[in-house]
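Read off the chains here:
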Amino acid sequence: MGIPADVQEGRGLALVSVWTGLVVWTDGLWYRWWTGRRSQTGRWLYAHHSAFEPERAARRIAARYAELREAPSIVAAGVS
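This structure is a prediction, so every number in the text was calculated from the model and none was measured.

Q: Sorry if this is basic, but what is going on with the overall build of the protein here?
A: When helices and strands are tallied, the protein shows one helix and five strands. Per-residue burial for the protein yields a buried fraction of 26% across its 80 residues. When contacts within the protein are restricted to residue pairs at least 6 apart in sequence, those whose partners lie at least 24 apart make up 28%. As displayed, the protein has an accessible area near 5,700 Å², and 55% of this comes from carbon and sulfur atoms.

Q: What should I look at first to understand the nonpolar core in this one?
A: Note on soluble globular proteins: their nonpolar side chains tend to be buried together. Val18, Leu22, Val24, Trp33, Ala47, Ile61, Tyr65 and Leu68 together form the largest nonpolar core, which totals eight residues. Those elements that place two or more of their residues in this core are strand S3 (22-26) and helix H1 (54-70). Ranked by residues supplied to this core, first place goes to H1 with three residues. Sequence-distant contacts of Val18, that is, excluding residues within four places in its chain, are made with Ile3, Pro4, Ala5, Val24 and Tyr65.

Q: Explanation requested: the pairing of strand S1 (residues 6-10) in the structure shown.
A: Regular strands place side chains that alternate from one sheet face to the opposite one. Relative to strand S2 (residues 13-19), S1 runs antiparallel, the two sharing five bridges. Residue pairing in the sheet places Gln8 in a bridge with Leu15 of S2. Between S1 and S2, which pair antiparallel in sequence order, lie two residues; one of them, Arg11, sits at a positive phi of approximately 55 degrees.

Q: Looking at this model, I keep getting lost on the pairing of S3. Mind explaining?
A: Residues of S3 alternate between two faces, with Leu22, Val24 and Thr26 buried on one and Val23 and Trp25 left unburied on the opposite face. With five bridges joining them, S2 and S3 adopt antiparallel strand pairing. Within S3, the position partnered with Val16 by the bridge is Val24. As consecutive antiparallel partners, S2 and S3 are separated by two residues, and within that stretch Gly21 has a phi angle of approximately 85 degrees, a positive value. Pairing geometry for S3 and strand S4 (residues 30-38), over two bridges, is antiparallel. Across the sheet, Thr26 pairs through a bridge with Tyr31, a residue of S4. The antiparallel pairing of S3 with S4 creates a hairpin that spans three residues between the two strands, and Gly28 there sits at a positive phi of about 95 degrees.

Q: Whenever I open this one, the sheet that holds S1 confuses me. Can you help?
A: In a beta sheet, neighbouring strands pair by backbone hydrogen bonds and run either parallel or antiparallel. A sheet is described by the order of its strands in space; here five strands give the open sequence S1-S2-S3-S4-S5, paired in antiparallel fashion. Each end of this open sheet is capped by a strand with a single partner; those strands are S1 and strand S5 (44-50). Neighbouring strand axes in the sheet, compared pairwise and without regard to direction, differ in orientation by 25 degrees on average.

What counts and what doesn't
- Residues numbered from 1 in each chain as written.
- Predicted model: local features only at pLDDT ≥ 70, side-chain atom pairs only at ≥ 80, totals over all residues.
- Heavy atoms only, no water.
- Helix = DSSP H or I, 4+ residues; strand = E, 2+ residues; numbered from the N terminus.
- Buried < 20%, exposed > 50% of the residue type's maximum accessible area, 1.4 Å probe, protein only.
- Contact = heavy atoms within 4.5 Å.
- Areas by Shrake-Rupley, 256 points an atom, 1.4 Å probe, with all protein chains shown as cover.
- Core = buried A, V, L, I, M, F, W, Y, C linked by side-chain atoms within 4.5 Å.
- Pairing = 2+ DSSP bridges.
- Axes fitted to C-alpha atoms, helices over the stretch in contact; angles between N-to-C directions.

Without other data, these values stay purely geometric and don't point to any function.
This is the structure we're talking about:
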């Protein structure tokens, strides 16, 4: 999708740093990333997508990336 990223891998897990506030990790079965929201109790909410559909997962991650890029600041994006 043309989004630059930095990949760190090892011990059965890969972390992909995409943008401030957006790190995607996978165990080979699922992709996971923070949605930018927290629950009513303050817990971070994560999105996930099957690794068996990488193109669809990439589109969802790209949508989150676009959301973060359009945010006026890190704080507005929900990162604290």
